[in-house]
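# Reading the structure
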Amino acid sequence: MIERVSEIEKQAAAEISAASSSSELEALRVQYLGRKAELPQLLRDVSQLPPEQRGEAGKAANQARQGLEALLEARAALFEVEEMTASLAEDSVDVTLPGSPAESRGHHHLLSATRREIEDVFCGLGYSVVEGPEVESVHYNFDALNHDPAHPARGRSDTFYVEGGGEGADQILLRTHTSPMQVRIMEQTPPPIALIVPGRVFRRDSDATHTPQFHQIEGLLVDEGVTLADLKGTLLAFARAIFGEERELRLRPHFFPFTEPSVEVDVSCFMCSGGALPGGDRCSLCKGTGWLEVLGSGMVDPNVFAAVSEHGYDPDTHQGFAFGLGIERIAMLKHGVPDLRFFYENDLRFLRQFG
Ligand code: PHE
């Protein structure tokens, strides 16, 4: 019997040492130490041996069982660590991977993106951003901005008036430009000031290049000793930030009731050189002129300062410049958008090009 015990022990120890997983170990445990296995059976049979053999045989069988149990335990502990490490590696989740299916990411509408881009440029130059009412009075939209009583923009064919909305200067309308904010700002804030005013404006117009509602950004800077050169330098910085560092500016004399002198500002075309494409063809963006009209501006008219003189604006000591640009126009030029109406149709095939 002692020989058989040691045979079993040897064989079991060899197999346990060769096992390659905890499930194999478990099978070996059942095979050699389970209830129906030979070694426990031998242990149970010890009591039937002649008394003088019992001590030695019992001791041998017990030691064999304890030895095998210890071996099984040691191997099991090893596999536990190995298998845990493997399963951790297998189950690990890369939280930086996109979800499944990958979620598409939204983006700003081209007009919002363009407005923000322009705001960034002027914030960088120290300007603040303010907004104002879309529903205005004749006083702020026209009178305080020095519009002649017969100015054509006042006509019902050009401007949306609100029915029953007051008389004369108090008549209510949808603002036709962001310029009324020039006056509102100066009424509220003493000089020096530097602000831009983005917002919606409304005109009775509708075709490929005009919609009844569009967006402008007004700019206003007032201080002492401000000149047209400051205006040009500011707008040059703007043009270069938006259209490229190579850009130049051209100022053309113009007329606005609330600026004097007034200028229309052109930026050198970024698609061509002097109106001609590299192959010699006429540039279609600037129509061969080499210049793109981008905004209206000028030095604040003394009559506008006079309307706010009680708020610290004295035409004898203060000068300022103002400008107004169309956000749609800037976006169309910069991105080659051929029809203004694309901005409002919300066709995703159009919008997604500007993500
Ligand atoms: N308000 C003018 C327009 O809508 C633009 C402008 C703003 C011109 C400020 C001069 C100064 O056409």
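Residues numbered from 1 in each chain as written. Predicted model: local features only at pLDDT ≥ 70, side-chain atom pairs only at ≥ 80, totals over all residues. Heavy atoms only, no water.

## So, the site of the ligand
- The full set close to the ligand counts 14 residues, and His 177, Ser 179, Arg 203, Gln 216 and Gly 324 are the nearest of them.
- Take Ser 179: an N or O atom from its side chain is 2.9 Å from a nitrogen atom of the ligand.
- Residue Arg 203 places a side-chain N or O atom 2.9 Å away from an oxygen atom belonging to the ligand.
- Here the ligand has 330 Å² of accessible area as a free molecule, and 89% of this is covered by the chains.
- Only strand 5 (213-223), strand 8 (291-300) and strand 9 (319-326) provide two or more residues apiece to the shell around the ligand.
- The element best represented in the shell around the ligand is strand 9, accounting for 3 residues.
- Residue composition of the shell around the ligand, grouped by class: 4 nonpolar, 8 polar and 2 charged. (Near = heavy atom within 4 Å. Polar contact = N/O pair within 3.5 Å; in protein donor to acceptor, adjacent residues only side chain to side chain. Areas by Shrake-Rupley, 256 points an atom, 1.4 Å probe, with all protein chains shown as cover. Helix = DSSP H or I, 4+ residues; strand = E, 2+ residues; numbered from the N terminus. Nonpolar A, V, L, I, M, F, W, Y, C, P; charged D, E, K, R; others polar.)

## Side note on the pairing of strand 9
- Within strand 9, 6 of the 8 residues are buried, which leaves the element mostly enclosed by the surrounding structure.
- Direction of pairing for strand 5 relative to strand 9: antiparallel, over a ladder of 8 bridges. Bridged to Gln 216 within strand 9 is Gly 326.
- Sheet analysis places strand 8 next to strand 9, joined by 5 bridges and oriented antiparallel. Counterpart to Gly 296 in the pairing with strand 9 is Gly 324. (Buried < 20%, exposed > 50% of the residue type's maximum accessible area, 1.4 Å probe, protein only. Pairing = 2+ DSSP bridges.)

## Some thoughts on the domain arrangement of the chain
- The domain architecture assigned to the chain consists of domain 1 (2-90) and domain 2 (110-354).
- Using C-alpha coordinates to define each centre, domain 1 is positioned 91 Å away from domain 2. (Domains from an automatic or database assignment.)

## Some words on the packing of helix 5 (residues 110-124) against helix 8 (residues 228-243)
- Look at helix 5 against helix 8: their axes get within 10 Å of each other, and the N-to-C directions meet at 135°. One element, helix 5, and the other, helix 8, form an angle in the oblique class. In terms of crossing hand, the pair formed by helix 5 and helix 8 is right-handed. Contacts from Glu 117, Ile 118, Val 121 and Phe 122 of helix 5 reach helix 8 at Thr 234, Phe 238, Ala 241 and Ile 242.
- For the contact of helix 5 with helix 8, the class distribution of residues is 6 nonpolar, 1 polar and 1 charged. (Axes fitted to C-alpha atoms, helices over the stretch in contact; angles between N-to-C directions. Parallel < 35°, antiparallel > 145°, perpendicular 65-115°, else oblique. Left-handed = near helix turned anticlockwise from the far one by under 90°. Contact = heavy atoms within 4.5 Å.)

## Comments concerning helix 4 (residues 51-91)
- In this model, helix 4 (41 residues) spans 58 Å end to end at C-alpha, consistent with the 60 Å of a helix rising 1.5 Å per residue.
- Residues Ala 57, Gly 58, Ala 61, Ala 64, Leu 68, Leu 72, Arg 75 and Phe 79 constitute the buried set of helix 4. (Expected span 1.5 Å × (residues − 1).)

## Side note on the UniProt feature "domain: Aminoacyl-transfer RNA synthetases class-II family profile" (unreviewed entry) in the chain
- According to UniProt, the positions carrying the feature "domain: Aminoacyl-transfer RNA synthetases class-II family profile" (unreviewed entry) are residues 110-333.
- This span, residues 110-333, is 25% helix and 29% strand, and a straight line between its end C-alpha atoms measures 12 Å. (UniProt positions renumbered as here; feature names shortened; annotations may be inferred.)

## A few points about the environment of Arg 75
- Inspection of the secondary structure assignment puts Arg 75 in helix 4.
- Considered as a pair, Arg 75 and Leu 25 are 50 residues apart in the sequence and their alpha carbons are 7.9 Å apart.
- With residues up to four places along the chain from it excluded, the contact list for Arg 75 reads Ile 16, Ser 17, Ala 18, Ala 19 and Leu 25.

## Brief notes about the nonpolar core
- By size, the foremost hydrophobic cluster in this structure holds 42 residues, and its most contacted members are Phe 238 and Phe 343.
- Residue assignment for this core shows that the elements contributing at least two residues are helix 5, strand 5, helix 8, strand 7 (259-268), strand 8, strand 9, helix 10 (327-335) and helix 12 (348-351).
- Core analysis: the second largest hydrophobic core is formed by 19 residues, Met 181, Met 186, Ile 193 and Ala 322 among them. (Core = buried A, V, L, I, M, F, W, Y, C linked by side-chain atoms within 4.5 Å.)

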